[in-house]
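Below, each chain spelled out in residue letters.
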Amino acid sequence: MAKTEMIRARIEPELKQEAEKVFFTLGLSVTEAITLFYKQVTLHHGLPFGVKIPNEETLEAIRQARSGEGLITYGSVDELMAEFDDA
């Protein structure tokens, strides 16, 4: 089938660059990646992945992660593993 349709979308430049890096690593052009996504949508009769609204607990965890609140750091992997051994 001839490719005659065009898709235009505005997205954040950083998102575009990061996605294109992934496509390049996978050996896909942007056109191939979009075509793959559309094919998966038609095969699944919906999005090819779960999309859910996060619950309050998840939203709070996201907020804490973004702010760095409650963040625990370790000086080494050995230090981290020692905490698991003590649990």
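You'll find the structure just up there.
Student: Where do I start with helix H2 (residues 30–44) in this structure?
Tutor: What sets the pattern is the α-helix's 3.6 residues per turn: residues three or four places apart point alike. In this model, H2 (15 residues) spans 21 Å end to end at C-alpha, consistent with the 21 Å of a helix rising 1.5 Å per residue. Positioned one or two residues after H2, His45 has a phi angle of 55°, which is positive.

Student: How do you make sense of the packing of aromatic side chains when you look at a structure like this?
Tutor: Geometrically, a pair of aromatic rings is defined through the distance of the ring centres and the angle of the planes. Tallying each qualifying case throughout the model produces two aromatic pairs. Between the aromatic rings of Phe37 and Tyr38, the centroid separation amounts to 6.3 Å while the plane-to-plane angle is 70°, which identifies the pairing as edge-to-face. For Phe37, a relative accessible area of 35% gives the class partly exposed. According to the relative accessible area criterion, Tyr38 is partly exposed, its value standing at 46%. Taken together, the aromatic side chains of Phe37, Tyr38 and Phe49 make up a single cluster linked through ring pairs.

Scoring rules and cut-offs
- Residues numbered from 1 in each chain as written.
- Predicted model: local features only at pLDDT ≥ 70, side-chain atom pairs only at ≥ 80, totals over all residues.
- Heavy atoms only, no water.
- Helix = DSSP H or I, 4+ residues; strand = E, 2+ residues; numbered from the N terminus.
- Expected span 1.5 Å × (residues − 1).
- Phe/Tyr/Trp six-rings, centres within 6.5 Å; stacked < 30°, edge-to-face > 60°.
- Buried < 20%, exposed > 50% of the residue type's maximum accessible area, 1.4 Å probe, protein only.

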